[in-house]
Number of protein chains: 2
Amino acid sequence: MAQRSSTLKVLAEHLGISIATVSRALAGNPTVAEQTRERVAKAARAHGYVPNVAARQLVSGRSGFAGFILPVRGPSFVDSYLGEFLTGLGEGLVEHGVDLFLATSQPGQSELSVLRHVIESGRADGVVVTRVAEDDERVAYLRKRGVPFVMHGRLLDEDAPVSWLDTDSGTAFGEAFEMLYDLGHRRFGLVSITDRMTFRHLRERGLRQAIARRGDDTVELEVVAAPRFDRGAIVDAVGELLTRPRRPTAVIGLFDEVALLVLEGAARAGLKVPEDLSVVGFDNVAASGYAPPGLTTFDAGTRSSAREIGRMLISVIDNRNEAPLQRLVRPELVLRGSHGPAPFGPLVR
Amino acid sequence: MAQRSSTLKVLAEHLGISIATVSRALAGNPTVAEQTRERVAKAARAHGYVPNVAARQLVSGRSGFAGFILPVRGPSFVDSYLGEFLTGLGEGLVEHGVDLFLATSQPGQSELSVLRHVIESGRADGVVVTRVAEDDERVAYLRKRGVPFVMHGRLLDEDAPVSWLDTDSGTAFGEAFEMLYDLGHRRFGLVSITDRMTFRHLRERGLRQAIARRGDDTVELEVVAAPRFDRGAIVDAVGELLTRPRRPTAVIGLFDEVALLVLEGAARAGLKVPEDLSVVGFDNVAASGYAPPGLTTFDAGTRSSAREIGRMLISVIDNRNEAPLQRLVRPELVLRGSHGPAPFGPLVR
DNA sequence: GTAGGAATTGCAAACGTTTGCAAGAAACTC
DNA sequence: GAGTTTCTTGCAAACGTTTGCAATTCCTAC
């Protein structure tokens, strides 16, 4: 049987003083005499006293937890994003003594209803929202309810007074275009997926803006989108794109998993990378370093972003009425082997 | 300002009955009249009542949370294990209404002290322990303290009355040997790391046992171990192994990341895989499918194991005095391109 | 009509903490 | 030495639940 941990009452009786004084002494309250404080601290250490969080929460109204709803995933969806994100988030929160609370939605249950439960039951003082969608019902609920939260990603409505940290993937996509343009590429492809997450739009917009900014009429852009994140569907879309008579010489994948499938599609279509085709991704997943010839991509810095999000959330929880916090972080271009000069000959013009 | 969620008191006043009755009605206690129960249920729904977990925990002594201490990681350590594991664990727990609680250790802090805090503060009713080491101080503490816990992995002491689920990687390593032996290989290498985690021993032992069982004196096994999980150190160890005069024709990596570095080392040493060298790993990380020629490995089924661990933990929490639960799951061989017949000629004998 | 029992409800304590207020002790001021 | 201030401590309420026990009401049986 597990022995109960010590309580304030036990300490107080042992020291012959009141519970209140013990509590204040441990809290470092300056009204308690220095000598008393030391006695209490010593006894607490000796007893291995650790305050009961439930009792503390009950009176303070604060749980000391930040909440995170685990995204619902297909049976075989695998990536390192979640692990990196949670590691970083934990690091950012623990600096301020806040712990992380994870809720999972059950099969039939919406993420919103889980979120509602987490908040209403007082399990979390604030939450982190990832995979932000266009009309995100979670965000709508949190705003209405006045719950502190920070998003990883942005809404399309730039003026919404909500706190977020986003990777500036739009600019990154523009940067990718610039680099490829300078290498002589004029015919571009973007392999996307139809999804309600906002980053899809932001990336496509960033790419189009960079193209427009360049002001070269000979630049073409073809966008193909698979109906969902499905290996087969994406491979098909890629195959179709690469076998067109005027196929692109440079293809950007919406994120690395897509770009890796572009590499696969290229091999299947008999195209050599980077000689016949340049490919660029986004995220820098581990596999990008292993897939030949090495995927040129952007490192999103998930872990450090998450760390910063943790800190932002603490700040949002502490000063509710302040202006929202918004941060855009710059992803870093990782040059590997999948980009190169545009091929010469009939393919180009 | 966030509006407070409804409480039992509010419901009771609204219905003109006592708090106790409301509580019992919602708990489905049969002593409350059917009619009353319905009225209460309706009012609770109307008010969006969600019980306060802190209050409930305070009286029940149960937090309703399972704890997990995030492993301390180097700045750039990346894999998908954590994400998969947490996803599965959440799935296993949520079936029983238990939520997951994540604690992070701060830079200078030992994992044990975090664990202690989590337990003593009543944050978690039970915990999951991963990366089991030989003389694991966390396990010692939990046993002594009588805290319910389940390990992912085993202790070397097979008779210890603790609950665990482990992937039978020892048998898998034996299986890998059998397959390679049947392909004609006789000279084997194992690339390991010196680490206090128990799986290292279990895998090596499984391999040695399979070799002994085969009873062929011409089989040789060379084990090299890098001092820690460090890219450079492993690459060096691999390079040394592969340039020996009597180099192995088949190399097994302790886990996929190691095996991937073996592939890299082979390329550097001018060896073709699988013609000159067969390589087998363990884990089936995403990159294994992308690194040419595709790493032959074992799928550890992390997510489903974690799901089962969640269920086991619930069971351990519910019947503390029962015999420990122990499960060995069989990993699945994933055949890709990195294994093949043993090369002929002077290299073989 | 009354005793006995069953069904339903309420009272109040308990869980372990924090904190406003008041009380006591000590130290100063004149 | 009385009045005042400053330190230090204790009392008790509060947070929102659950639950043992007592109280009330309503039947049923004789």
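> Hey, could you run me through the protein's contact with DNA strand D in this one?
Around DNA strand D, a shell composed of 26 residues is seen, among which S18 and A20 of chain A together with L8, A20 and A55 of chain B lie nearest. Looking at the surface near DNA strand D, the elements with two or more residues in it are α2 (19-27) and α4 (53-60) of chain A together with α1 (8-15), α2 (19-27) and α4 (53-60) of chain B. A class-by-class count of the residues in the surface near DNA strand D yields 15 nonpolar, eight polar and three charged.

> Just checking my understanding: could you explain the protein's contact with DNA strand C for this structure?
Residues in contact with DNA strand C amount to 27 residues; listed here are only the nearest, L8, A20, S23 and A55 of chain A together with A20 of chain B. Elements represented by at least two residues in the surface near DNA strand C include exactly α1 (8-15), α2 and α4 of chain A together with α2 and α4 of chain B. Taken together, the residues of the surface near DNA strand C break down into 15 nonpolar, eight polar and four charged.

> Would you explain the interface of chain B and chain A in this entry?
When the parts of a complex come together, some accessible area is lost, and that lost area is often used as the size of the interface. Contact with chain B, which involves 48 residues of that partner, is made by 49 residues of chain A. Breaking the side of chain B that touches chain A down by element, the ones donating at least two residues are α4, α5 (81-94), β2 (99-104) and α6 (111-120) of chain B. Tallying contributions element by element places α5 of chain B first for the side of chain B that touches chain A, with nine residues. Residue composition of the side of chain B that touches chain A, by class: 25 nonpolar, 15 polar and eight charged. Examined bridge by bridge, strand β2 (residues 99-104) of chain A and β2 of chain B share three bridges and lie antiparallel to one another. Along β2 of chain B, the bridge assignment pairs F101 of chain A with F101 of chain B.

> Can you help me understand the pairing of strand β8 (residues 250-253) of chain B in this one?
On a regular strand, each side chain points to the face opposite its neighbour's, so the side chains alternate between the two faces of the sheet. Residues and elements named next belong to chain B. Burial along β8 is two-sided: the residues A250 and I252 and V251 and G253 are all buried. Both strand β6 (residues 187-193) and β8 contribute to a ladder of four bridges, which runs parallel. For V191, the partnering residue across the bridge sits in β8 and is G253. Inspection of the sheet shows β8 paired to strand β9 (residues 278-280) by three bridges, in the parallel sense. The residue bridging I252 from the neighbouring strand is V280, located in β9. At this point the chain moves from β8, through helix α11 (residues 256-268), to the parallel β9, and the crossover so formed is right-handed.

> So what exactly am I meant to see when it comes to the packing of helix α5 (residues 81-94) of chain A against helix α12 (residues 302-318) of chain A here?
The relative placement of two packed helices comes down to the angle between their axes together with the axis-to-axis distance. Residues and elements named next belong to chain A. Contact geometry of α5 with α12 gives a least axis separation of 7 Å together with a crossing angle of 40°. Judged on the interaxial angle alone, α12 and α5 are oblique. The two elements α5 and α12 cross, and the hand of that crossing is right-handed. The segment α5 lies against α12, with Y81, E84, F85, T87, G88, L89, E91, G92 and L93 engaging T302, R303, S304, S305, A306, R307, E308, I309, G310, R311 and I314.

> In this structure, what is going on with the packing of α2 of chain B against helix α3 (residues 34-47) of chain B? I would like to understand it.
Residue and element names in this part refer to chain B. Viewed as axis vectors pointing N to C, α2 and α3 meet at an angle of 90°, and their least axial separation amounts to 9 Å. Compared by their axis directions, α2 and α3 come out roughly perpendicular. Contacts between α2 and α3 involve T21, V22, A25 and L26 on the former and, on the latter, T36, R37, V40 and A44. Classifying every residue of the contact of α2 with α3 gives five nonpolar, two polar and one charged.

> Looking at this structure, how should I read the sheet that holds strand β7 (residues 220-226) of chain B?
Sheet strands associate in pairs through backbone hydrogen bonding, adopting either a parallel or an antiparallel arrangement. All names here are of chain B. Taken together, the four strands give an open sheet; going across it, the order is β7-β6-β8-β9, and neighbouring strands pair in parallel fashion. Where the open sheet ends on each side, the last strands, each with one partner, are β7 and β9. Each strand axis lies, on average, 20° off the axis of its neighbour in the sheet, ignoring direction. In the packing of helix α8 (residues 169-182) onto the sheet, the strands contacted are β6, β8 and β9, and the crossing angle to β8 comes to about 165°.

> Honestly, the relation of the copies chain B and chain A in this entry has me stumped. Any pointers?
One copy of the chain maps onto the second through a rotation around an axis plus a translation along that axis. With an RMSD of 0.2 Å, the fit of chain B onto chain A corresponds to turning through 180° and sliding 0.1 Å along the axis. Expressed as an axis order, the relation between the two copies is that of a two-fold axis. Looking at the interface residues of chain B, 100% of them are also at the interface in chain A, so both copies use one shared face.

> Just checking my understanding: could you explain unusual backbone geometry for this structure?
In terms of backbone geometry, most residues other than glycine have negative phi values and most peptide bonds are trans. All names here are of chain B. The linkage connecting V273 with the following residue, P274, adopts the cis geometry, with an omega of 10°. Along the chain, P274 falls in the loop between α11 and β9. Cis geometry marks the peptide bond from P292 to P293, where omega comes out at 0°. Phi angles above zero are rare outside glycine, and N284 is one such case at about 60°. You can call N284 buried: it has 25 C-beta atoms within 10 Å.

Parameters at a glance
Residues numbered from 1 in each chain as written. Chains lettered and ligands numbered in written order. Predicted model: local features only at pLDDT ≥ 70, side-chain atom pairs only at ≥ 80, totals over all residues. Near = placed C-beta within 6 Å. Helix = DSSP H or I, 4+ residues; strand = E, 2+ residues; numbered from the N terminus. Nonpolar A, V, L, I, M, F, W, Y, C, P; charged D, E, K, R; others polar. Contact = placed C-beta atoms within 7 Å. Pairing = 2+ DSSP bridges. Buried ≥ 20, exposed ≤ 12 C-beta atoms within 10 Å, placed from the backbone. Right-handed = clockwise from strand over helix to strand, strands pointing away. Axes fitted to C-alpha atoms, helices over the stretch in contact; angles between N-to-C directions. Parallel < 35°, antiparallel > 145°, perpendicular 65-115°, else oblique. Left-handed = near helix turned anticlockwise from the far one by under 90°. Least-squares fit on C-alpha atoms with pLDDT ≥ 70 in both.

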